[in-house]
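Structural characterization, general
Take a look at the letters that make up each chain.
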Amino acid sequence: MYQIDIMTLFPDTMGDMVNDSILGRAQDRDIIRVDCHQIRDYTLNKQKQVDDYPYGGGHGAVMQADPLYQCWKHLCDRAGYPVHTIYMSPAGRTFCQAEAKRLNADYDHLILVCGHYEGIDERFIEECVDEELSLGDFVLTGGEIPALAVADAVCRLVPGVLPDPECYTEESHWNGMLEYPQYSRPEIWHDRAVPSILLSGHHAKIAKWRRKQAILRTRTRRPDLYAKLDLSSREDQKLLAELESETKPQT
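Reference entry: report on the structure contained in this document. (Residues numbered from 1 in each chain as written. Predicted model: local features only at pLDDT ≥ 70, side-chain atom pairs only at ≥ 80, totals over all residues. Heavy atoms only, no water.)

This brings us to the packing of helix H8 (residues 203–221) against helix H10 (residues 234–247). Running from N to C, H8 and H10 point in directions that differ by 65 degrees, and their axes come no closer than 10 Å. The pairing of H8 with H10 is recorded here as roughly perpendicular in orientation. Relative to H10, H8 is oriented so that their crossing is right-handed. From H8, Lys-208, Arg-211, Lys-212, Ile-215, Leu-216 and Arg-219 reach across to H10, where they touch Asp-236, Leu-239, Leu-240, Glu-242, Leu-243, Glu-244, Glu-246 and Thr-247. (Axes fitted to C-alpha atoms, helices over the stretch in contact; angles between N-to-C directions. Helix = DSSP H or I, 4+ residues; strand = E, 2+ residues; numbered from the N terminus. Parallel < 35°, antiparallel > 145°, perpendicular 65-115°, else oblique. Left-handed = near helix turned anticlockwise from the far one by under 90°. Contact = heavy atoms within 4.5 Å.)

What follows is the structure, encoded as structure tokens:
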């Protein structure tokens, strides 16, 4: 079973997200386990204080090292080993699909630490954190949203969480590309028709169309990803030639 423990000041709101839908059903079947832990429960003072003014002055407050450490130690002691620990931080490496695949492949137990205020005491990071991850170059009010994103992205790759591996291997970013467009019923909606090739029942032609659309969408929307693609195969070269012909301005 894949285990993720989330250290947070808001375990109730986090629990609502991880206990419903796909992740909730996977937990019911003991495929994964996502538990949220209230950091305040591990303070050693009656006020359950978890933050204080920063040394050196400045605005806001900093989460103290010891409540974080006591919570982290409890989780590691319960596991029987030091659990791979990730601090959700705007200073961390940017999280992406490749990172989700790595975490899923390399570990079966993670601790995700959610910071707040002006951040957390650096000494806890130095002693207990194995790596820092960020969702991007922006700042949120807390680490809960990034932690949920990481937990969701990693857990959905665990065998059995989704009904078939193709549910994620054909999605955007799995192979460095964006996914092809998707359509459902009705066949015509607001005078917009589903592409006829998808109604043909010809699986090889549908696969070719989807590959071409994925290449086009990646080139148009994410040229940074497109620049890294290996499209040297004979099949892809044919698709590229078709795209050039179809998108070439008419004279």
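Across a sheet, strands are paired by hydrogen bonds formed along the backbone, either parallel or antiparallel in direction. Strands sit in the order S2-S1-S6-S5-S7 across an open sheet of five strands; the sheet is parallel. Two strands lie at the open edges of the sheet, namely strand S2 (32–38) and strand S7 (131–134), each paired on one side alone. Each strand axis lies, on average, 30 degrees off the axis of its neighbour in the sheet, ignoring direction. With seven bridges connecting them, strand S1 (residues 2–8) and S2 associate as parallel partners. (Pairing = 2+ DSSP bridges.)

Our next topic: unusual backbone geometry. The omega torsion across Arg-185 and Pro-186 is 5 degrees, close enough to zero to call that bond cis. Considering the arrangement of structural elements, one finds Pro-186 in the loop between helix H7 (166–169) and strand S8 (188–189). In this model, Lys-48 sits at a positive phi of 55 degrees, which is unusual for a non-glycine residue. Tracing the backbone shows Lys-48 in the loop between S2 and strand S3 (51–52).

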